[in-house]
2 protein chains.
Amino acid sequence: MKPLTIKDVAELANVSKSTVSQYLNKRYEYMGEETRKRIEHAIAELGYHPNIVARSLRRKTTSTIGVIVANILHAFSTEIIRAIEDVCHENGFHIIVCNADDSPEKERKYIEMLRAKQMDGLIIFPTGSNLDLYERMVSENYPVVIVDRLVSEVQIPTILLDNKKATKMAVQHFVEKGYTRIGMVTTSIVRHVTPRIERLAGFKEALREYRLPIEEDYIKSLNPNQIRAGLSEMFTLKSPPQAVLAGNDLVLAEILNYTKETGINIPNDLALIAIDDVPYAKFFDPPLTTIAQPTFEMGRRAAEMILEKIQNTSVTEEVKIYRFEPKIMIRESC
Amino acid sequence: MKPLTIKDVAELANVSKSTVSQYLNKRYEYMGEETRKRIEHAIAELGYHPNIVARSLRRKTTSTIGVIVANILHAFSTEIIRAIEDVCHENGFHIIVCNADDSPEKERKYIEMLRAKQMDGLIIFPTGSNLDLYERMVSENYPVVIVDRLVSEVQIPTILLDNKKATKMAVQHFVEKGYTRIGMVTTSIVRHVTPRIERLAGFKEALREYRLPIEEDYIKSLNPNQIRAGLSEMFTLKSPPQAVLAGNDLVLAEILNYTKETGINIPNDLALIAIDDVPYAKFFDPPLTTIAQPTFEMGRRAAEMILEKIQNTSVTEEVKIYRFEPKIMIRESC
DNA sequence: CTGAAAGCGCTTACAG
DNA sequence: CTGAAAGCGCTTACAG
């Protein structure tokens, strides 16, 4: 079962391989009407499809882009991937998705692997380390777009949420509802992950703006496996928070588990807002008030930017940072 | 910024390209200790990584497998993809995921595209058409594994849920809870999609076993955009069902929307079980009783099977159908 | 209007 | 132990 090649088509159509290749690339200009027909029939008869690996080697482009997400467990990541995929497919590009699993080592491995596979460009949700690799890509003028996190040391176009605005919206809503003892829980900030840092900063700023005290006991930034204990600490305070902001969907799940098990009623005992509009949030008990990220638009933009960079190779414009607007989805948990 | 090739390494290390290639492929047997060191250093110094496209062309394998899902909107699909990805990455394989979006035409396009890209094998959640393509792959001894649906016309190993058992479990639970007027809603079966057909069949069988009447007005099999109207019809019957089984997560969302808007209380007015253990089901109002598919195991098995087929090319064993056990997650909606 | 030839960056017998 | 040569399946100037 040896695979079909351009040679088989050429022989059947009684032309040279070059001519078949011209046909495949739709360069019909100087091609005889009859020749074209013959090639067309030969291809149909054999069921021939060009070997894209060979084409890629020769053309030096693969029409595929790599996507490395920091952690695919966030609904945020999968939604953005979906949008990227749509745009890419509309433009005849494929994507290969890799999950760095919050590990800089895995990220490094994937960047190298995807570049070795000759991806035409990379969209990265960076773990924040691997600066050397990022810099190398920039210096080689290799197309990259960063999503979700800022890597300020390096000049790469970036797509992210207006995180401060997101937390401020939440705090504002808490305040309007009359809460004053307001807490926040995020995942760990040890690796200086932009959204967490900015959300925390925005949270404190908002508190200040509303002349509310910043109670450090109400603010937790923890590894996933410590969240449980942190919540327990926070809610057994003699004066626990009346309202809490979940920094992302992973934190949310922990809070929901905790309140459920300990019988804390939302919103009566505790008002809750979550950043990330998790699927089915409106069916929750109670329906969840969330701050939604415009994941679809963010993904589209990331894809459009990488495709544009791939197409206009030479244009070295200024590096842009695009911040997207969050949107509050008011339901019943606050 | 011309990319590095094996030639650059060879020159720097003062050996031939062949020797570098031997090194890259870890064929150290006859290689001088000192030569190896020199090559190693040259590679490190240049930051060289082999061009995998060129390697693939030469080796005629790409170490990547294609995955085509019928509809990526189902949580079922994404969970299985995750498991496939894990196994593949453990084995040095990459995957390219495509979403056929329930369209046989898109599926055809993707199969051709992925084969042209020289994927080493394909895992397909088939739309059910495109028999000619499936047959061609079989006759060419090309590695394929099918997931979720049966394509009986063709000899391809298949992974799917024991669908009848799934519906029977649900009916049994309804019956144990004392319900006798039991309904079921699935998405359309026009294209003879296995799970829907089998679930419907299992549903009717179970009803018969419990000597319950099969009330056709309680059974709906509709396109997504008709579900809403179908529910409205069903629940305005003079004697509507007391319990209903949602055939998948898309149907579930429609039911939840409908009951919410019309004020039907679950489980007091209507008992509900859903096939597919949607994420966060335990936080729903009320916590949802579901029939879970072992998506993780199913994905793992699919990946293992395709890798095995890729590795032992010649072995043409009998074609196996693997049915996986569903599991009931009893919560409070029934 | 069509074909012969070179080359993309590797790998793999084979010679020495 | 190492190197020269052929070839994977295409594309692309270039010649005619």
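Chain A carries the name Substrate-binding domain-containing protein in an unreviewed UniProt entry, which gives Fervidibacillus albus as its organism.

Tell me about the overall build of chain A, residues and numbers included.
From N to C terminus, chain A includes 12 helices and 12 strands. Taking the principal axes of the C-alpha coordinates as reference, chain A spans close to 90 × 40 × 30 Å. In chain A, which comprises 334 residues, the share counted as buried stands at 51%. Counted over contacts in chain A with a minimum sequence separation of 6, partners at least 24 positions apart contribute 66%. Accessible surface computed for chain A: about 15,400 Å², of which carbon and sulfur atoms make up 49%. The average position of the 43 basic charges and that of the 45 acidic charges among the side chains of chain A differ by 3 Å.

Account for the sheet that holds strand β7 (residues 219-222) of chain B, naming residues and giving values.
Residues and elements named next belong to chain B. What the six strands build is an open sheet, ordered β7-β6-β8-β9-β10-β12; its pairing is mixed. Each end of this open sheet is capped by a strand with a single partner; those strands are β7 and β12 (327-329). For this sheet, the mean inter-axis angle between neighbouring strands, taken without regard to orientation, is 15°. The pairing of strand β6 (residues 182-187) with strand β8 (residues 243-246) spans four bridges and is parallel. Residue pairing across strands places Met184 opposite Leu245, the latter belonging to β8. Where helix α9 (residues 194-209) meets the sheet, it contacts β6, β7, β8 and β9 (271-275), and its direction lies at approximately 170° from that of β6. Each of β6, β8 and β9 touches helix α11 (residues 249-262); the most contacted strand, β9, lies at about 155° to it.

Can you tell me about the interface of chain B and chain A, naming the residues and giving the values?
On the chain A side, the residues contacting the 50 residues of chain B number 50 residues. Both sides together, the interface formed by chain B and chain A hides about 4,300 Å², and carbon and sulfur atoms give 61% of it. The largest share of the area that chain B buries against chain A comes from His94, Tyr280 and Phe283 of chain B, three residues that together contribute 16% of it. Inspection of the region where chain B meets chain A yields zero salt bridges. Where chain B packs against chain A, one counts 12 residue pairs in polar contact (both at pLDDT 80 or more). Mapped onto the side of chain B that touches chain A, the elements with two or more residues apiece are α4 (52-59), α5 (75-90), β2 (94-99), α6 (104-116), α7 (131-139) and α11 of chain B. If you tally residues by element for the side of chain B that touches chain A, the top one is β2 of chain B, at six residues.

Mind laying out the UniProt feature "domain: HTH lacI-type" (unreviewed entry) in chain A, listing which residues take part and the relevant values?
According to UniProt, the positions carrying the feature "domain: HTH lacI-type" (unreviewed entry) are residues 4-59 of chain A. For residues 4-59 of chain A, the end-to-end C-alpha separation is 20 Å, with 68% helix and 0% strand making up the annotated structure.

Residues and numbers for the environment of Gln155 of chain A, please.
Residue and element names in this part refer to chain A. Mapped onto the elements, Gln155 comes out in the loop between β4 (144-147) and β5 (158-161). For Gln155, a relative accessible area of 56% translates into the label exposed. Along the backbone, Gln155 and Arg108 are 47 residues apart, and their C-alpha atoms lie at a distance of 18 Å. When neighbours within four sequence positions are excluded, Gln155 is seen to be in contact with Val138 and Val319.

Kindly report on the UniProt feature "domain: HTH cro/C1-type" (unreviewed entry) in chain A, identifying the contributing residues and their values.
Those residues carrying the UniProt feature "domain: HTH cro/C1-type" (unreviewed entry) are residues 4-29 of chain A in this numbering. Between the C-alpha atoms that bound residues 4-29 of chain A there is a distance of 26 Å. The span itself is 62% helix and 0% strand.

Break down the protein's contact with DNA strand C for me, citing the residues and quoting the values.
If you check the shell around DNA strand C, you find 24 residues, and the closest are Ser18, Thr35 and Arg58 of chain A together with Arg55 and Arg58 of chain B. Sugar and phosphate atoms constitute 64% of the interface atoms of DNA strand C, taking the interface as everything within 4 Å of the protein. Asn51 of chain B places a polar main-chain atom, nitrogen or oxygen, 3.2 Å from a phosphate oxygen of DNA strand C. For the surface near DNA strand C, the elements supplying multiple residues, two or more each, are α2 (17-24) and α4 (52-59) of chain A together with α2 (17-24) and α4 of chain B. The element contributing the most residues to the surface near DNA strand C is α4 of chain B, with four residues.

Give a description of the sheet that holds strand β6 (residues 182-187) of chain A that names residues and reports values.
Sheets are built from strands that pair by backbone hydrogen bonding, the pairs being arranged parallel or antiparallel. Residues and elements named next belong to chain A. Spatially, six strands are ordered β7-β6-β8-β9-β10-β12 in an open sheet, and the strand pairing comes out mixed. Each edge of the open sheet is held by one strand with a lone partner, namely β7 (219-222) and β12 (327-329). Looking at each pair of strands side by side, their axes are set apart by 15° on average, direction ignored. Sheet contacts for helix α10 (residues 224-235): β6, β7 and β8 (243-246); angle to β7, the most-contacted strand, approximately 160°. The strands touched by helix α11 (residues 249-262) are β6, β8 and β9 (271-275); relative to β9, the strand with the most contacts, the crossing angle is about 155°.

Residues and numbers for a nonpolar patch on the surface, please.
A surface patch of nonpolar side chains, about 210 Å² in accessible area, is lined by Leu150, Val319 and Ile321 of chain B. Tracing the chain through its elements places Leu150 of chain B in the loop between β4 (144-147) and β5 (158-161).

So what about the pattern of salt bridges? Which residues, and what values?
Tallying each qualifying case throughout the model produces 45 salt bridges over all chains. Ionic pairing is found between Glu205 of chain A and Lys164 of chain A, a salt bridge with its closest N-O pair at 2.8 Å. You can see Glu205 of chain A sitting in helix α9 (residues 194-209) and its partner Lys164 of chain A sitting in helix α8 (residues 163-176), a full 41 residues away along the chain. Glu205 of chain A gets classed as partly exposed once you look at its relative accessible area, which sits at 24%. We note a salt bridge from Asp132 of chain B to Arg108 of chain B, for which the minimum N-O separation is 2.8 Å. Highlighted residues: Asp132 of chain B in helix α7 and Arg108 of chain B in helix α6, separated in sequence by 24 residues. Take Asp132 of chain B: its relative accessible area is 42%, and that puts it in the partly exposed class.

Outline the protein's contact with DNA strand D, supporting the account with residue identities and numerical values.
Near DNA strand D you find 24 residues, and of these Ser21, Arg55 and Arg58 of chain A together with Ser18 and Thr35 of chain B are the closest. Taking all atoms of DNA strand D within 4 Å of the protein, the share assigned to sugar and phosphate is 63%. Within the side chain of Ser21 of chain A, a nitrogen or oxygen atom sits 2.7 Å from a phosphate oxygen of DNA strand D. Between DNA strand D and Ser18 of chain B there is a distance of 2.6 Å, counted from a base nitrogen to a side-chain nitrogen or oxygen. Residue assignment for the surface near DNA strand D shows that the elements contributing at least two residues are α2 and α4 of chain A together with α2 and α4 of chain B. It is α4 of chain A that provides the largest number of residues to the surface near DNA strand D, a total of four residues. When grouped by side-chain class, the residues that make up the surface near DNA strand D number eight nonpolar, 10 polar and six charged.

An account of helix α12 (residues 295-311) of chain A is requested, with residue identities and associated values reported.
Residue and element names in this part refer to chain A. Here α12 contains 17 residues, and its C-alpha end-to-end distance of 24 Å stays within 8% of the 24 Å for a straight helix at 1.5 Å per residue. Those residues of α12 that sit buried are Thr295, Met298, Gly299, Ala302, Ala303, Met305, Ile306, Leu307 and Ile310. Packed against the buried residues of α12 are β1 (64-69), α5 (75-90), β3 (121-124), β4, β5 and β11 (321-324).

Quick notes on the rules
- Residues numbered from 1 in each chain as written.
- Chains lettered and ligands numbered in written order.
- Predicted model: local features only at pLDDT ≥ 70, side-chain atom pairs only at ≥ 80, totals over all residues.
- Heavy atoms only, no water.
- Helix = DSSP H or I, 4+ residues; strand = E, 2+ residues; numbered from the N terminus.
- Buried < 20%, exposed > 50% of the residue type's maximum accessible area, 1.4 Å probe, protein only.
- Contact = heavy atoms within 4.5 Å.
- Areas by Shrake-Rupley, 256 points an atom, 1.4 Å probe, with all protein chains shown as cover.
- Lys, Arg positive; Asp, Glu negative; His and termini not counted.
- Charge placed at Lys NZ, Arg CZ, Asp CG, Glu CD.
- Pairing = 2+ DSSP bridges.
- Axes fitted to C-alpha atoms, helices over the stretch in contact; angles between N-to-C directions.
- Buried area = accessible area lost by both parts, 1.4 Å probe.
- Salt bridge = Lys/Arg side-chain N within 4 Å of Asp/Glu carboxyl O.
- Polar contact = N/O pair within 3.5 Å; in protein donor to acceptor, adjacent residues only side chain to side chain.
- UniProt positions renumbered as here; feature names shortened; annotations may be inferred.
- Near = heavy atom within 4 Å.
- Patch = residues over 30% accessible without salt bridge, like charges linked within 9 Å, V, L, I, M, F, W, Y side chains within 5 Å.
- Nonpolar A, V, L, I, M, F, W, Y, C, P; charged D, E, K, R; others polar.
- Expected span 1.5 Å × (residues − 1).

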